[in-house]
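Residues per chain, in single letters:
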Amino acid sequence: LQLEQDLRMAPLNDELWLAYQPIVDLRTDRRTAVEGLLRWTHPRYGLIFPGEFITLAEESDLINIVGAHMLHTAAREIAEQAPDLQLTVNLSARELDDPWLVSAIRNATYKAGLTPGSLCLEITESALMRDPALAARTLSSLRDLGVRLAIDDFGTGHSSLAQLLTLPLDTLKIDRSFTAGLGRSDEATAIVTSIIAMAHAVDLTVIAEGVEQPEQLEILRALGCDQAQGYHLGRPAPLAEL
Ligand code: G
Ligand code: G
Ligand code: MN
Ligand code: NA
């Protein structure tokens, strides 16, 4: 409860900041985007990762406060320091269900001077499947605004693939558990191969997450994966360090 109160004050106390992780195009070997990831420097406990506070924030409207702050900060930093890079940010289920989401995104990009086309929103399968009809409407409005939409951690949910593919998505991010098995497990390699084929058949861009080894990158390249992200390509860091 104390942590929740601290988190509520964190944006006002300037304790939240963003680490950015590069996403690399496998055809050009160039960095095309960065994923913004929240960090909290707590005055007493030091650096806290989102794994330890996002779930707490999602239990209340706190996630909307934290998410809005995150979006404004990221949009401003990218517009000012790296306008050629795409920015991708994570949305939790509660943010997706917020009736003000579309106008909040419109305002944040406008205020920062970031074209909506430079922003991609990552949403997990489970967040999309909480209320698929509502998700479909929200995604269409976001699409109309010009932002890009990605499905995050793909392969970990239990959603109906047919239903997912009816949504207006641009990108599919293969969960790092599959990337980890590349070259080691025939099963993982087969799954990644078929995810890429399926995604390309419906014109989705594919990003492999969690690339830690050069061998994994070479396999992904050979399989025709479009982009990759992971410690081998760059760890999350403040924008100035990238
Ligand atoms: O950076 P790290 O690996 O600790 O992130 C852990 C999880 O927290 C990831 O699943 C990531 O999607 C999530 N996360 C990071 N930043 C944000 C954010 O700004 N909003 C939301 N909703 N989730 C985030
Ligand atoms: O759930 P989501 O995909 O948004 O989570 C992103 C998180 O994955 C980031 O917090 C980042 O720290 C973590 N991450 C990024 N690259 C790697 C990697 O190569 N290996 C592992 N284990 N985690 C990674
Ligand atoms: Mn993500
Ligand atoms: Na992910």
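Residues numbered from 1 in each chain as written. Chains lettered and ligands numbered in written order. Predicted model: local features only at pLDDT ≥ 70, side-chain atom pairs only at ≥ 80, totals over all residues.

1. A look at the overall build of the chain
(1) Moving on: The number of helices and strands found in the chain is 11 helices and 9 strands.
(2) Moving on: Relative to the 2.2 N^0.38 estimate, which gives 18 Å for 242 residues, the radius of gyration of the chain is 18 Å and therefore close to what a compact globule would have.
(3) Moving on: If one aligns the C-alpha atoms of the chain with their principal axes, the spans along those axes are about 50 × 40 × 35 Å.
(4) Moving on: Relative to its full complement of 242 residues, the chain shows a buried share of 37%.
(5) Moving on: Across the chain, contacts joining residues at least 24 apart in sequence account for 65% of those joining residues at least 6 apart. (Helix = DSSP H or I, 4+ residues; strand = E, 2+ residues; numbered from the N terminus. Rg over C-alpha atoms; globule rule 2.2 N^0.38 Å. Buried ≥ 20, exposed ≤ 12 C-beta atoms within 10 Å, placed from the backbone. Contact = placed C-beta atoms within 7 Å.)

2. Considerations on the site of ligand 1
(1) Moving on: The full set close to ligand 1 counts 13 residues, and Leu38, Phe49, Pro50, Asn90 and Ser92 are the nearest of them.
(2) Moving on: For the shell around ligand 1, the elements supplying multiple residues, two or more each, are strand E2 (31-42), helix H3 (62-81) and strand E4 (86-91).
(3) Moving on: With 3 residues, E4 is the single largest residue contributor to the shell around ligand 1.
(4) Moving on: Of the residues contributing to the shell around ligand 1, the split by class is 9 nonpolar, 4 polar and no charged. (Near = placed C-beta within 6 Å. Nonpolar A, V, L, I, M, F, W, Y, C, P; charged D, E, K, R; others polar.)

3. Thoughts on the site of ligand 2
(1) Moving on: Near ligand 2, the surroundings consist of 13 residues, among which Leu37, Gly210, Glu212, Gly230 and Tyr231 are the closest.
(2) Moving on: The residue inventory of the shell around ligand 2, partitioned by class, reads 4 nonpolar, 4 polar and 5 charged.

4. Let's talk about the packing of helix H5 (residues 101-112) against helix H7 (residues 132-145)
(1) Moving on: It is the contact of H5 with H7, at a shortest axis distance of 10 Å, that shows an interaxial angle of 20°. By the angle between their axes, H5 is roughly parallel relative to H7. Viewed along their axes, H5 and H7 form a crossing whose handedness is right-handed. Touching Leu101, Val102, Ile105 and Arg106 of H5 are Thr138, Ser141, Leu142 and Leu145, all from H7.
(2) Moving on: Looking at side-chain class alone, the contact of H5 with H7 contains 5 nonpolar, 2 polar and 1 charged residues. (Axes fitted to C-alpha atoms, helices over the stretch in contact; angles between N-to-C directions. Parallel < 35°, antiparallel > 145°, perpendicular 65-115°, else oblique. Left-handed = near helix turned anticlockwise from the far one by under 90°.)

5. Some words on the packing of helix H1 (residues 2-9) against H3
(1) Moving on: Contact geometry for H1 and H3: axes closest at 9 Å, N-to-C directions at 35°. For H1 against H3, the interelement crossing comes out left-handed. Between H1 and H3, the contacting residues are Glu4, Leu7 and Arg8 on the first element and Leu62, Ile65 and Val66 on the second.
(2) Moving on: For the contact of H1 with H3, a count of residues per class yields 4 nonpolar, no polar and 2 charged.

6. Focus on the pairing of strand E6 (residues 148-154)
On any regular strand, side chains alternate: one points to one face of the sheet, the next to the other face.
(1) Moving on: In terms of burial, E6 is largely enclosed, as 6 of its 7 residues are buried.
(2) Moving on: As defined by bridge partners, E6 adjoins strand E7 (residues 171-174) across 3 bridges and the pair is classed as parallel. Its bridge partner being in E7, Ile151 is matched across the sheet by Leu172. (Pairing = 2+ DSSP bridges.)

7. A few points about the nonpolar core
(1) Moving on: Within the largest apolar cluster, 62 residues are counted, with the highest numbers of intra-cluster contacts made by Leu121, Leu149, Leu172, Ile174 and Ala228.
(2) Moving on: Residue contributions to this core peak at 7 residues, all from H3.
(3) Moving on: Once residues lying within four places of it in the same chain are set aside, the contact partners of Leu172 are Ala150, Ile151, Phe154, Ala199, Leu204 and Val206. (Core = buried A, V, L, I, M, F, W, Y, C linked by C-beta atoms within 7 Å.)

8. Let's talk about unusual backbone geometry
(1) Moving on: For Asp14, which is not glycine, the phi torsion reads 60° and is therefore positive.
(2) Moving on: With phi around 65°, Asp203 is a residue other than glycine that occupies positive phi space.
(3) Moving on: Here Asp203 is to be found in the loop between helix H10 (186-201) and strand E8 (205-208).

9. Looking at the confidence of the model for the chain
The predicted coordinates of low-pLDDT regions are not to be read in fine detail.
(1) Moving on: This prediction gives the chain a mean pLDDT of 95; 100% of its residues lie at or above 70.
(2) Moving on: Under the prediction, the complex receives an ipTM of 0.96, its pTM being 0.96. (pLDDT = per-residue confidence, 0-100.)

10. Description of the environment of Arg221
(1) Moving on: As for its position among the elements, Arg221 is in helix H11 (residues 214-222).
(2) Moving on: In the structure, Arg221 is positioned 194 residues away from Arg27 in sequence and 8.0 Å away in space, judged by C-alpha atoms.

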